[in-house]
Every structure is written in C-alpha cells, then in structure tokens.
Amino acid sequence: MYFSHHKKCREELRRRFVKAELALFKIRYETDDREERQEFMRVHKFGWAEADDKEMQLHGDKLAEASSWSTQAANAQEKYYKVKWTRVPDLVEKRRVFLKDGMAYVPAREQSSIVFQEFSSSLEKALERTAKELPRLDEDTRIVPILDNLSQGFLAGVSSEWTSASTTADGDEITADMVDELARKHFPMCMRNLHECLRRDRHLKHYGRLQYGLFLKVLGLSIDEAVAFWRRSFSNIQDDKFNKEYRYNIRHSYGLEGKRANYAAKSCQQILTSDQPGAQDSHGCPYRHFAPDNLQTALLSTYSSQGLTSSDLPEIMHTVKAGHYHVACTRVFEITHSAQEVKKGDGVGGGDSVTHPNQYAARSRELEKAILDARKADMDGDVPMS
Ligand code: SF4
C-alpha cells in the first residue's frame, strides 16, 4: 500500500475525500424536495430537540439577534432546534446561532448545517476506522489495488510538502560544486541515476531535467547556482545553444519566467505514475522502471560503498516484485544508513516510508548533521579545563 505508510499523506487523502463527498451530498440534499428531506430526517435520528414555547419566549430577542436575517423568522415563530454547539461549528463561527449552556439554538432553515456537519463527521469516523483495518487488508490482493487506484485520483494536485523551506532547515543553500558529493551521500536511487546519467552523457532529456532540476531546487540550489550547475554539466553544448534552449526553462522552473508558478518537486507517486520513461530516458523510479537485473547491478554499484551487499538484494527484489517500490527504496535507505544507527523498520524517521525523493535526501542530511553535531559536542567536552 503506497499511501497507507505516510501519515500526512493519508490525512490529506481523507480530508479531500470527505470534502468531495460532502460537496456531492450537499447537491443531492439541496435538490431533494421537501418531503424527501423530511423522510431523510425521520430515518436518520439526528438527536436534536425542538426549543419549547417557554424557551422561545425567554430567549426570543437573543434568538432574533443571533443572526440579522432571523429577526423576521423569530417573529414568525420559526422553529428552533437545540444541539450541542460542537455539532454546528460553522454556524457558531459565523455567529449565526444563539448559544446557551453549551447548546446552540439552530433555526429550522439552518438545519442543513447540522445535517452536513453530521455527514462529514460520520464519514471521517468511518474512514479512520477503515484506516486502522488497512494493515490487515494489505494481504488482500483484490482490495488493495482498487484502494490504491482510488487514492491516486484524490492525490492529483496535492501540493508537495517538501518545499525549499522544509529541506533547508538551517538555511544552508547548496552550491553547484556540492552536488556531486551530496548525490553520493544522500540521494535516492532515482536521483543517483539521473545524476550519473548527466555526468556520463553530459546531457539529460526533458523529463529527466525536470525531475532532477526541481529536486535540486527544493534541496536548496538557488537559481544562479542552478544555472551554473546545468551550464557546467552540459559541457558539450555551446553557450549560445545553452542560453537559448535551457536557461529559460531553468528560470521557468524557478518561477521566474512564464506564468511564474512555484513548481513543486515531484513526489514518488508522481514519478511512479506519470510520464512513463521510454528506453532512452533516465527519469522515473528505478525500482519500478528498471529491469530486475539492471536494478540489482545498479543498486550494488551505487550503494555498496554505503554498506549495501548482494545478500540484501533478495529482500529488496521481493518487495519490488510485489509492486512496493517505495518500501524497497525505504529498505535501501535503512541499509545505507545503518552506520547512523538506522535500523530495519525505522524508515526515514518514525517508521515512515519514502514518499518523496526530497524527504529521503533531507532525512539523510539530517542524520549526517546529527552525527557531526554529536562529534563536535564530544570534542568540545574533551577540551581540558585549564
Ligand atoms: Fe525515487 Fe521515490 Fe523511487 Fe525512491 S521510491 S527511487 S525516492 S521515486
């Protein structure tokens, strides 16, 4: 299950799902005729109590005051229903109801607000219950692909949670010169592959440039450093051609040209499912897009200096075969960071699986920084007091 491993992602999906379902429900509710609506209320006991005459007399002015347009209604003896205020937070927030002893007095015409609130909270509860059951469903090969498909639809347009700000917590901008070393120490397989192809071919095709360029941007490469990086990397290309064909696109991806959008780096999900790479391309996710033999060779040559051995391969390939590419990537992260005390199951922190290449790199840099800080503190502590 791709999404079930990342809490923020799951919450975002649930929020979107509830929002979409609520919008649909509202349309259906509002287009039902009065009788259908009454029948609906009768069947679903919403547990609201009608305010009695005594209460109406006692609070009449306040009820009328609660919303400017309800004066008339109050005078016309509009029915009011009492519900716990927590059930109509939208009305409370807009001060459209009178509150007394924790109860909100909702005019009949605002009943729909209670219904909508009830609808989304029961849907949320059901989704949470389902989420708890999901790990057990993971074994079920029939349901999981359907759920995965559904969740993909809802993820379209989810903004990247990995922005420059979140990955460069210390404000440490990176420079073009640093990229080789950063790649060697911190990049996930997709970006290692792009980096190596770029070094080998002195060129990357469009989608490769896009995937790698946005990743580097979020990693902290400023626009000037990015232009310098790509200029030097495309060393077979003349200045003229570079300026004409590439400089604009780099500036564009930094939101400095065209519609000036601040493009987010691609998440694993986007890399895995959109713009499928052809034989000549180097973008994509190697766990998914490489042939098994190539993947094993690439993994060994890329990560053996960080502790990955051929005895780790069967487990990784097993997960790849099952289609859990991000799990394989997470396992590689754990293995290649075991020197920093990362154990199996730790993932990229708190047991999370990899969901974004920048998350992978950021966590890897964080671990390195923690070790360096600890060493520094040790050394400072070792200085003898004079
Ligand atoms: Fe890159 Fe994500 Fe694939 Fe890992 S799982 S290689 S981070 S796309």
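Our subject is the structure listed above.
Since the model is a prediction, treat every value here as computed from it, not as a measurement.

Analysis parameters
Residues numbered from 1 in each chain as written. Predicted model: local features only at pLDDT ≥ 70, side-chain atom pairs only at ≥ 80, totals over all residues. Heavy atoms only, no water. Helix = DSSP H or I, 4+ residues; strand = E, 2+ residues; numbered from the N terminus. Buried < 20%, exposed > 50% of the residue type's maximum accessible area, 1.4 Å probe, protein only. Contact = heavy atoms within 4.5 Å. Areas by Shrake-Rupley, 256 points an atom, 1.4 Å probe, with all protein chains shown as cover. Near = heavy atom within 4 Å. 1 Å grid on protein atoms, 1.4 Å probe; cavity = no way out; pocket = protein on both sides within 12 Å on 5 of 7 lines; lining within 4 Å. Sits in = over half its atoms within 2 Å of the grid points. Nonpolar A, V, L, I, M, F, W, Y, C, P; charged D, E, K, R; others polar. Domains from an automatic or database assignment. Core = buried A, V, L, I, M, F, W, Y, C linked by side-chain atoms within 4.5 Å. Axes fitted to C-alpha atoms, helices over the stretch in contact; angles between N-to-C directions. Parallel < 35°, antiparallel > 145°, perpendicular 65-115°, else oblique. Left-handed = near helix turned anticlockwise from the far one by under 90°. Polar contact = N/O pair within 3.5 Å; in protein donor to acceptor, adjacent residues only side chain to side chain. Phe/Tyr/Trp six-rings, centres within 6.5 Å; stacked < 30°, edge-to-face > 60°. Pairing = 2+ DSSP bridges.

1. Things to note about the overall build of the protein
For step 1, the next point in the chain: Broken down by element type, the protein carries 19 helices and 4 strands.
For step 2, the next point in the chain: A burial count over the protein gives 41% of its 386 residues as buried.
For step 3, the next point in the chain: Pairs at least 24 apart in sequence give 65% of the contacts found in the protein among residues at least 6 apart.
For step 4, the next point in the chain: Surface accessibility of the protein: about 22,300 Å² in total, with carbon and sulfur atoms responsible for 51%.

2. Focus on the environment of Asp346
For step 1, the next point in the chain: Topologically, Asp346 is positioned in the loop between helix H18 (325-336) and helix H19 (357-382).
For step 2, the next point in the chain: Put simply, Asp346 and Arg331 are 15 residues apart on the chain and 9.2 Å apart in space, counted from C-alpha to C-alpha.
For step 3, the next point in the chain: The residues contacting Asp346, other than those within four sequence positions of it, are Glu334, Glu341, Gly351 and Asp352.

3. Let's talk about the site of the ligand
For step 1, the next point in the chain: Around the ligand sit Pro188, Cys190, Cys268, Ile271, Cys285, Tyr287, His326, Cys329, Val354 and Pro357, and that is every residue in its neighbourhood.
For step 2, the next point in the chain: In a pocket analysis with a 2 Å cut-off to the grid points, the ligand is assigned to the largest cavity.
For step 3, the next point in the chain: Counting only elements with at least two residues in the shell around the ligand, the list comes to helix H14 (268-273) and H18.
For step 4, the next point in the chain: Residues belonging to the shell around the ligand are distributed by class as follows: 9 nonpolar, 1 polar and no charged.
For step 5, the next point in the chain: Looking at which domains feed residues into the shell around the ligand, each of domain 2 (176-273) and domain 3 (286-378) supplies at least three.

4. Side note on the nonpolar core
For step 1, the next point in the chain: Of all hydrophobic cores here, the largest spans 55 residues; its most connected members are Phe187, Tyr212, Leu216, Trp230, Tyr287 and Leu299.
For step 2, the next point in the chain: Each of domain 2 (176-273) and domain 3 (286-378) contributes no fewer than three residues to this core.
For step 3, the next point in the chain: Not counting residues within four places of it along the chain, the set of residues in contact with Phe187 comprises Val179, Leu182, Arg192, Tyr212, Phe215, Leu216, Leu219, Tyr303, Tyr360 and Ala361.
For step 4, the next point in the chain: Within the second largest apolar cluster, 15 residues are counted, among which are Val83, Val97, Val115 and Phe116.

5. Looking at the packing of helix H16 (residues 292-303) against helix H17 (residues 313-321)
For step 1, the next point in the chain: Running from amino to carboxyl end, H16 crosses H17 at an angle of 135 degrees, the nearest separation of the two axes being 11 Å. What the angle tells us is that H16 and H17 run oblique. Considering the relative orientation of H16 and H17, their crossing is right-handed. Two secondary-structure elements touch here, H16 through Pro292, Leu295, Gln296, Leu299 and Leu300 and H17 through Leu313, Ile316, Met317 and Val320.
For step 2, the next point in the chain: Grouping the amino acids of the contact of H16 with H17 by side-chain chemistry returns 8 nonpolar, 1 polar and no charged.

6. With respect to the side chain of His195
For step 1, the next point in the chain: Along the chain, His195 falls in helix H10 (residues 189-201).
For step 2, the next point in the chain: When its relative accessible area of 5% is taken as the criterion, His195 is described as buried.
For step 3, the next point in the chain: Side chain to side chain, His195 and Tyr212 meet in a polar contact 2.6 Å long.
For step 4, the next point in the chain: Beyond its immediate sequence surroundings of up to four residues, His195 is in contact with Val179, Asp180, Ala183, Tyr212 and Phe229.

7. Some thoughts on the packing of aromatic side chains
For step 1, the next point in the chain: Within the structure shown, the criterion is met by 13 aromatic pairs.
For step 2, the next point in the chain: Arranged with centres 4.2 Å apart and planes meeting at 10 degrees, the rings of Phe25 and Phe119 form a pair that is stacked. A residue pair is termed long-range when its members are at least 10 positions apart, and Phe25 in helix H1 (residues 7-31) and Phe119 in helix H6 (residues 111-137) qualify at 94 residues.
For step 3, the next point in the chain: Taking relative accessible area as the criterion, Phe25 reaches 12% and is therefore assigned buried.
For step 4, the next point in the chain: For the ring pair Phe229 and Trp230, a centre distance of 5.3 Å and an interplane angle of 85 degrees mean the geometry is edge-to-face. Comparing Phe229 with Trp230, the two get one shared label, buried.

8. Observations concerning the sheet that holds strand E4 (residues 103-107)
Within a sheet, neighbouring strands are paired by backbone hydrogen bonds and run either parallel or antiparallel to one another.
For step 1, the next point in the chain: Taking strand neighbours across the sheet as the criterion, the 4 strands line up as E1-E2-E4-E3 in an open arrangement whose pairing is antiparallel. A strand with exactly one partner marks an edge of an open sheet, and here the two such strands are strand E1 (49-50) and strand E3 (98-100).
For step 2, the next point in the chain: Pairing geometry for strand E2 (residues 80-84) and E4, over 5 bridges, is antiparallel. Its bridge partner lying in E4, Tyr80 is registered against Pro107.
For step 3, the next point in the chain: Seen against the sheet, helix H3 (residues 53-66) touches E1, E2, E3 and E4 and runs at an angle of roughly 135 degrees to E3.

9. Concerning unusual backbone geometry
Phi is mostly negative for residues that are not glycine, and the peptide bonds are mostly trans.
For step 1, the next point in the chain: One non-glycine residue, Arg202, lies in positive phi territory at about 55 degrees.
For step 2, the next point in the chain: Looking at where Arg202 falls in the secondary structure, it is placed in the loop between H10 and helix H11 (206-219).
For step 3, the next point in the chain: Among the residues examined, Arg202 registers a relative accessible area of 39% and is labelled partly exposed.
For step 4, the next point in the chain: Notably, Glu341 is not glycine yet its phi reads approximately 70 degrees, a positive angle.
For step 5, the next point in the chain: With respect to the helices and strands, the residue Glu341 is situated in the loop between H18 and H19.

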